[in-house]
Amino acid sequence: MNLLELRDLSVHYRGARGEVTAVRSVSLGLEAGETLGLAGESGCGKSTVAMSVLRLLPRDARVEGQVLLDGEDVRGMSWGRLRAVRWAAASVVFQGAMHALNPVHRVGEQIAEPMRLHGVTGSASSSSVSSSVSALLDQVELPARTARAYPHELSGGQKQRVMIAMALACEPRLVIADEPTTALDVVVQAQVLDLLKRLVSERDIGLVMISHDLSVLASTCDRLAVMQHGQIVEEGPARQVIAAPTHPHTQTLAAAFPTVGDPASRHVTASDTSTGPVLLRAEGVRVDYGTTTAVAGVDLEVRAGEIVALVGQSGSGKTTLARTLLGLQRPTAGRVLFEGAELPRSASGLRAYRRQVQLVLQDPTSALNPRHSVYEAVAEGLRIHRIAGDEPTQVAEALSHAELRPPERFFPSLPHELSGGQRQRVVIAGALALGPRLLIADEPVASLDASVRGEILALLLRLRRELDLAALVITHDLGLAWTIADRVAVMYQGELVEQGTVEQVLLAPRHDYTRTLLAAVPQHQGSTRPDQLSVELRLPPHRLLG
Amino acid sequence: MIRHLAGKLGGALVSLLFVVALGFVLFRVIPGDPVVAMTRGRPVTGDQLAELRVRLGVDKPLPEQFVDYLTAVLRGDLGTSHVYNRPVAELIGERLWPTVLLVGTSTVLAVALGLWLGIRGAWRRGSRSDRISTGLALAQWAMPTFWLGMLLSLATGNLFPSGGMRYPDTPPDFLSQALDVAHHMVLPCLTLIAVVYAQYLLVMRSSLLEEMHADYLTTARAKGLRDDLVRRRHAVPNALLPTVTLVFLHLGLVVSGAITVETVFSWPGLGLLTYEALTGPDLPLLQGTFVLLSGAVISMNVFADLLYRVLDPRVRAS
């Protein structure tokens, strides 16, 4: 008998505009000890499927079909039976880095809570509960004292480990992991994925793993199901689905996460590479906050028409460096030169400088004012810089450069009426309206769906070709660097540890840290990448914990 | 921790000094001559008025008056009331207890009622009971206090006394006195509760509604917790945090009394005293009540800050 079986599961949400169907007749099965990956973009219904297993959907959801957990239909259970099944038979690892833990309870209490509730053997005395909490924390490689910490005192990776420990508290046979590594760094992500894999094989539990990232699923799962518009469009052994996707949507998803070293996913040709004059140069830039050093002496150059990727983990100082290059943060030592002249310090001088260098942020939803129309958002920069000329024409031109055509149609739109990709295009148009020479883009596609990423990256490449626009792209994603960058600079603990052309750095890395980063990227197939295995993690201990 | 406490207390002291100075200036610029107010309705000569000015010290230049006032306040002397001709501190001390009793009791009850209804409303959002209780609370909040007070005393007839704090002929033993005061307190207390509980209800309801969609509540449900445990153990403690600030700000206002209610029910508290001081105008008395009220609000604020650190580990960290 299957551990979990979904038969013809459909979920509809009753909304103000009638019923919306989120999941359409999905049928899936999972055996004990097996791992199943569920892939898809945001809104495809994959989380709704996960939530329906423990009947955690909101009140306005209407469910059809059967959800069999060990042969018993979850939909037919009484509330008492359902509460007994929750967490004891099946538990969930939520996309929990930030919000799935209660902020005012110690994590030890939160792990112990389901043990007490379900009367796990030996949970009657408080000393045995705390010793089982320590044992669980030990399993997820956290020290026992973590139990006394509050969630905000832990890093994202530590919180995710706590979530996993919590999911194992009642020794369930099924674990559902909903985007367990989405908010995490590559290195930390690799650690968490290894941990999940190890626990699944040690305890013979079934794992359903949900992600938008095919490469994450490929490295963990035996079988893969790809969802689109609430339906499963492709299903099969993970290797086969990724190596030879048959459905066009699977192909799009697979292409969105390029393999480093694969010529097919590199979109830059040698002829594109610029040899223009140096536009922006950082010389020995150092930034201290009190006693901590965020940037420790960085030399970096961006030439006109060149795309440089600044790669590093969170906390490596790459965002501080970007702020310094923009003149938002004054360096403690060293200097930043734009076209050979040091950055001005006066407010008006900086304003003139920022016309030349524009910033594109990670999350277009929070970068745009929700009450400003697209026209207002793009025209704002023009007004601040008092740029002469016909405003509507300039706005229209910027929008069509960002491939929002016909531009007039987008003028009155508000951000919530646009898709994620369109919003990021509006942000880019706002930057382009000022006619800058350089874009500094901080994780420009990290919050976008797989199918949209490619389009935005193609846009950056086209802008470079047509407008000779240079870009400094800050990212933790080596695949992104491989796709569009001419040169890569790797940042680690405030220093640039390696710098060079993409081929040099990513195919023949010289620094250990670059190799560690490359090894941490989840891989889906036998690729041409070197040094795939056995790179020693030479990170400081607190990073390893993270 | 010690440093944080010292910083907070230092800040509070500075604001208190500002308040004393502000009170002094404020009551000097409002129109009305205190000497004229004191002698209203009595035939006086110009010489007598001048002599009175010298006695009260209002003939001196303002800066000198301020220094005199400040040194007196630091010694704990709030001056002498012009109207009552008694020390202000003594008058306030007399009126403080009835006010704390009345306004304190009604605030505690209003907070309890408001939080309870707010939690219920948020948990069953949009249900009939939520709509009725929220609507009713808003309607009562919108009512003029004096009108509601008079309406209540009309509606209850002779059931409860509608003025004063005790009957003169009550036996002096503690129990009968307490019962008598409680009996007098019913109407003013009800009026105050009816008017203010809506704000606790609304704040609690909206902050709980915000928490309702929090992911950790889904985690708690997935763990198999009963609905009321999810609410009691996880949702409410988080939603209470913003309410704490509001409650303590209001506790600070307790000592100011409730001017309208105390006047309508002639309750011998600070609110009534302030009203009387205003009609004077009795400057030393007004300044005294002003300083007391601000001091109470400032110290409750400090207290709320400290309590917040105990309740929310995230605040402790920063």
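Note that residues are indexed from 1 along each chain, following the sequence as it is written. Chain labels run from A onward and ligand labels from 1 onward, assigned in the order the entries are written. For this predicted model, a pLDDT threshold of at least 70 governs which residues receive local features, and a threshold of 80 or more governs which side-chain atom pairs are given and counted, while totals over whole chains, interfaces and linings are taken from all residues. Here the side-chain values reflect all heavy atoms present in the structure, with hydrogen atoms and water set aside.

Draft legend 1. Broad picture of the overall build of chain A. Helix and strand assignments follow DSSP, with helices taken as H or I runs no shorter than four residues and strands as E runs no shorter than two, numbered in order from the N terminus. Across its full length, chain A carries 21 helices and 20 strands. Only C-alpha atoms enter the radius of gyration; for comparison, a globular chain is expected to reach 2.2 Å times N to the power 0.38, where N is the number of residues. Computed over its C-alpha atoms, the radius of gyration of chain A comes to 25 Å, within 12% of the 24 Å expected for a compact globule of 546 residues. Over its C-alpha atoms, taken along the principal directions, chain A stretches across nearly 70 × 55 × 45 Å. Of all 546 residues assigned to chain A, the portion counted as buried reaches 55%. A 1.4 Å probe rolled over the protein chains alone gives each residue an accessible area, and that area as a share of the maximum for its type sets the label: buried under 20%, exposed over 50%, partly exposed in between.

Draft legend 2. Expanded view of the domain arrangement of chain A. Where each domain starts and ends comes from a domain assignment, either automatic or drawn from a database. Its domain assignment divides chain A into domain 1 (99-171) and domain 2 (277-545). Each of domain 1 of chain A and domain 2 of chain A has a C-alpha centre, and these two points are 39 Å apart.

Draft legend 3. Representation of a nonpolar patch on the surface within the structure. Residue and element names in this part refer to chain B. Judged by side-chain polarity, Phe146, Trp147, Met150 and Leu151 come together as a nonpolar surface patch covering roughly 390 Å² of accessible area. Relative to the elements of secondary structure, Phe146 occurs in helix H7 (residues 145-156). Assessed through its relative accessible area of 44%, Phe146 is described here as partly exposed. Excluding any residue in a salt bridge, patches collect residues exceeding 30% relative accessible area, merging like charges within 9 Å and nonpolar Val, Leu, Ile, Met, Phe, Trp and Tyr side chains within 5 Å. Per-residue accessibility takes into account occlusion by the displayed protein chains alone, with areas from the Shrake-Rupley method and a 1.4 Å probe. Salt bridge criterion: a side-chain nitrogen from Lys or Arg within 4 Å of a carboxyl oxygen from Asp or Glu.

Draft legend 4. A look at the environment of B:His82. Secondary-structure assignment places B:His82 in the loop between helix H4 (62-74) and helix H5 (88-123). The exposure class of B:His82 is buried, given its relative accessible area of 11%.

Draft legend 5. Spatial organisation of the layout of surface pockets. All names here are of chain A. A cavity, in this analysis, means grid points on a 1 Å lattice covering only the protein atoms where a 1.4 Å probe fits yet has no way out; a pocket is instead an open set bounded by protein on both sides within 12 Å along at least five of seven lines, and a residue lines either one if it has an atom within 4 Å of a point. Grid points are joined across faces, edges and corners, and a volume is the space filled by probe spheres set on the points. Size it by volume and the second largest pocket reaches roughly 630 Å³. Lining the second largest pocket are 22 residues, with Gln358, Leu359, Glu380, Gly430 and Ala431 sitting closest to its centre. Going through the elements one at a time, helix H11 (347-356), strand S16 (357-360), helix H13 (374-384) and helix H16 (420-432) are the ones with two or more residues in the lining of the second largest pocket. Residues are grouped as follows: nonpolar covers Ala, Val, Leu, Ile, Met, Phe, Trp, Tyr, Cys and Pro; charged covers Asp, Glu, Lys and Arg; every other residue, Gly included, is treated as polar. A breakdown of the residues in the lining of the second largest pocket according to their chemical character gives 13 nonpolar, 6 polar and 3 charged.

Draft legend 6. Focus on empty space enclosed by the protein. Residue and element names in this part refer to chain A. Enumeration over the complete set of coordinates arrives at 3 cavities of 30 Å³ or more. One number sums up the size of the largest cavity: a volume of about 80 Å³. Around the largest cavity, the lining residues are Leu4, Leu6, Leu28, Leu30, Leu36, Leu38, Val49, Ala50, Val53, Ile176, Val208 and Ile210. Secondary-structure elements contributing two or more residues to the lining of the largest cavity are strand S1 (4-15), strand S2 (18-30), strand S3 (35-39), helix H1 (46-53) and strand S8 (206-211). With 3 residues, H1 is the largest single contributor of residues to the lining of the largest cavity. Its residues assigned to classes, the lining of the largest cavity shows 12 nonpolar, no polar and no charged.

Draft legend 7. View of the interface of chain B and chain A. The contact definition used throughout considers only heavy atoms, calling two residues in contact when any of these lie within 4.5 Å. On the chain A side, the residues contacting the 23 residues of chain B number 25 residues. Surface buried jointly by chain B and chain A totals about 2000 Å² across both partners, of which 61% is contributed by carbon and sulfur atoms. Of all residues in chain B, B:Ala222, B:Lys223 and B:Pro313 bury the most surface against chain A, accounting for 30% of the area lost on that side. Linking chain B with chain A are 2 salt bridges, by the criterion used here. For the salt bridge of B:Lys223 with A:Glu113, the shortest nitrogen-to-oxygen distance reads 3.0 Å. Side-chain atoms alone can form a polar contact between residues adjacent in sequence; in general such a contact is a pair of N or O atoms within 3.5 Å, and within protein one must be able to donate a hydrogen while the other accepts it. The interface formed by chain B and chain A includes 13 residue pairs in polar contact (both at pLDDT 80 or more). When two parts are brought into contact, each loses some accessible area as probed by a 1.4 Å sphere; the total of that loss over both is the buried area.

Draft legend 8. Structural view of the domain arrangement of chain B. Residue and element names in this part refer to chain B. By the assigned domains, chain B splits into domain 1 (2-74) and domain 2 (88-317). The partner domain 2 presents 15 residues to the 20 residues of domain 1 that form the contact. Taken together, both faces of the contact between domain 1 and domain 2 bury some 1600 Å²; the carbon and sulfur share is 77%. Between the two partners, domain 1 and domain 2, sit 1 salt bridge. A salt bridge links Lys8 to Asp305, with the shortest nitrogen-to-oxygen separation between them at 2.9 Å. Linking domain 1 with domain 2 are 2 residue pairs in polar contact (both at pLDDT 80 or more). Broken down by secondary-structure element, the contributors of at least two residues to the side of domain 1 that touches domain 2 are helix H1 (2-29) and helix H2 (34-38). Ranked by the residues each element gives to the side of domain 1 that touches domain 2, the list is headed by H1, at 15 residues. Residues of the side of domain 1 that touches domain 2, tallied by class, amount to 14 nonpolar, 3 polar and 3 charged.

Draft legend 9. Inspection of the sheet that holds strand S15 (residues 341-342) of chain A at higher detail. Residues and elements named next belong to chain A. Spatially, S12-S11-S14-S15 is the arrangement adopted by the 4 strands of the open sheet, whose pairing is antiparallel. The strands lining the two open edges of the sheet, one partner per strand, are strand S12 (292-303) and S15. Here strand S11 (residues 278-289) pairs with strand S14 (residues 333-338) via 5 bridges, running antiparallel. Among the inter-strand pairings, Arg281 is bridged to a residue of S14, identified as Leu337. In this analysis, axes come from line fits to C-alpha atoms, helices being fitted only over the stretch in contact, and the angle between any two N-to-C directions falls in the range 0 to 180 degrees. Seen against the sheet, helix H10 (residues 318-325) touches S11, S12 and S14 and runs at an angle of roughly 120° to S11. In this description, strands pair whenever DSSP reports at least two bridges between them.

Draft legend 10. Up close: the packing of H5(B) against helix H10 (residues 227-253) of chain B. Residue and element names in this part refer to chain B. H10 packs onto H5 with a crossing angle of 140° between their chain directions and a minimal axis gap of 11 Å. It follows that H5 is oblique to H10 by the angle criterion. Considering only the axes of H5 and H10, their crossing is right-handed. The segment H5 lies against H10, with Thr107, Val111, Leu115, Ile119 and Trp123 engaging Asp227, Val230, Arg231, Ala235, Val236, Leu240, Thr243, Val247 and Leu251. Looking at side-chain class alone, the contact of H5 with H10 contains 10 nonpolar, 2 polar and 2 charged residues. When an angle is under 35 degrees it counts as roughly parallel; over 145 it counts as roughly antiparallel; between 65 and 115 it counts as roughly perpendicular; any other value is oblique. Whether a crossing is left-handed or right-handed is set by the direction in which the near helix is turned from the far one by less than a right angle, anticlockwise for left-handed and clockwise for right-handed.

Draft legend 11. The confidence of the model for chain B, seen in detail. The pLDDT value expresses, per residue, how confident the predictor is, ranging between 0 and 100. On average, residues of chain B carry a pLDDT of 85, and 96% of them reach 70 or more. Within chain B, the element-level pLDDT minimum falls on H2(B), averaging 69, and the maximum on helix H6 (residues 128-142) of chain B, averaging 91.

Draft legend 12. Expanded view of the packing of aromatic side chains. To pair, rings of Phe, Tyr and Trp, with the six-membered ring standing in for Trp, must have centres within 6.5 Å; the planes then decide the type, stacked if under 30 degrees apart, edge-to-face if over 60, and tilted in the middle. All chains considered together, the criterion is met by 6 aromatic pairs over all chains. Their ring planes at 20° and their centres at 4.0 Å tell us that A:Tyr492 and A:Tyr513 sit as a pair that is stacked. Taken together, the residues A:Tyr492 in strand S19 (residues 487-492) and A:Tyr513 in helix H20 (residues 512-520) connect sequence positions 21 residues apart. Just as A:Tyr492 is buried, A:Tyr513 falls in that class too. On the numbers, 5.4 Å between centres and 45° between planes, the contact of B:Phe248 with B:Phe303 is tilted. With B:Phe248 in helix H10 and B:Phe303 in helix H13 (residues 283-311), this residue pair connects regions lying 55 residues apart in the sequence. Residue classification places B:Phe248 among the buried residues on the basis of a relative accessible area of 13%. Ring-pair connections join several aromatic residues into one group, and the members of that group are B:Phe24, B:Phe66 and B:Tyr69. Taking the ring centre of B:Trp116 as reference, the NZ or CZ of B:Arg120 above it sits at 5.3 Å. A ring has a charge above it when a Lys NZ or an Arg CZ is no more than 6 Å from the ring centre and no more than 35 degrees off the ring normal.

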